[in-house]
Amino acid sequence: MSRASAVVLLPVLFVSSCALAPGLPKDTGPTPFVIERDLEGPTVARGEFSAINGLKRGFTAYLDGARSGDIFTLTERFEYDDGEKDQKTWVLTLKGDGAYTGTREDVVGKAKGWQDGQAFRLAYDVRLPNEKGEPGLKVHFQDVMVKTAEGVVLNNASVGKWGFGIARVELEIKRLE
């Protein structure tokens, strides 16, 4: 690589990689979010997927988390506003020092999770379904989850391809009454 190429390429790569990592929401509370504590048992989430092409898709997700030793399993039952339904199951394994690895049906390889101060972060690749429902475009998700002072869990995710942000997902998760 020539020096001129490096001078142009390195800043582009740096900016692109920075564009994907979501910061902490302004409503982050004083208590750290701990996934196996704060999502244990039944919870409900309301959220929206929004892409740079203008596509917006609202949904409700019914979550149920259970811990067994170093394994945390989170079942997600999605009901989209357009009537479509889906179910996914996360299996996260605690590796120590707040680090996790995880799998889910649509995740390519292993997800990487870690405690980051008040937040829990999760990074993973997913193959989005195409029009026929088959695995299609591979994208990268970076989630950040925090707890507000009121106990509501906020989950903000950036979705990227080739280092550029192409979509966002925002959720509010509450305990079922």
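Structural data are supplied above this passage.
Note that the structure is predicted; figures quoted are calculated from it, not measured.

Right, let's talk about the layout of surface pockets for a bit. Approximately 1,100 Å³ is the volume attributed to the largest pocket. Among the elements that make up the lining of the largest pocket, the one with the highest residue count is strand β7 (residues 119-129) (six residues). Class assignment for the residues of the lining of the largest pocket results in 31 nonpolar, five polar and ten charged. The computed volume of the second largest pocket comes to approximately 150 Å³. Every residue lining the second largest pocket is listed: Pro25, Lys26, Asp27, Arg46, Thr148, Val152, Leu154, Asn156, Glu170, Leu171 and Glu172.

This next bit is on the nonpolar core. Grouped together as the largest cluster of nonpolar side chains are 30 residues, with contacts concentrated most on Ile35, Trp90, Leu122, Tyr124 and Phe141. For this core, the elements supplying multiple residues, two or more each, are β2 (56-68), β3 (71-80), β4 (85-96), β6 (107-116), β7, β8 (135-147), β9 (153-161) and β10 (164-175). Not counting residues up to four positions away in its chain, the partners in contact with Trp90 are Phe72, Thr73, Leu74, Glu76, Gly102, Thr103, Arg104, Val107, Ala111, Leu122 and Tyr124. The next biggest cluster of nonpolar side chains, apart from the first, holds five residues, and it includes Ala119, Val144, Val146 and Leu154.

Reading the values: the criteria
Residues numbered from 1 in each chain as written. Predicted model: local features only at pLDDT ≥ 70, side-chain atom pairs only at ≥ 80, totals over all residues. Heavy atoms only, no water. 1 Å grid on protein atoms, 1.4 Å probe; cavity = no way out; pocket = protein on both sides within 12 Å on 5 of 7 lines; lining within 4 Å. Points joined across faces, edges and corners; volume = space filled by probe spheres on them. Helix = DSSP H or I, 4+ residues; strand = E, 2+ residues; numbered from the N terminus. Nonpolar A, V, L, I, M, F, W, Y, C, P; charged D, E, K, R; others polar. Core = buried A, V, L, I, M, F, W, Y, C linked by side-chain atoms within 4.5 Å. Buried < 20%, exposed > 50% of the residue type's maximum accessible area, 1.4 Å probe, protein only. Contact = heavy atoms within 4.5 Å.

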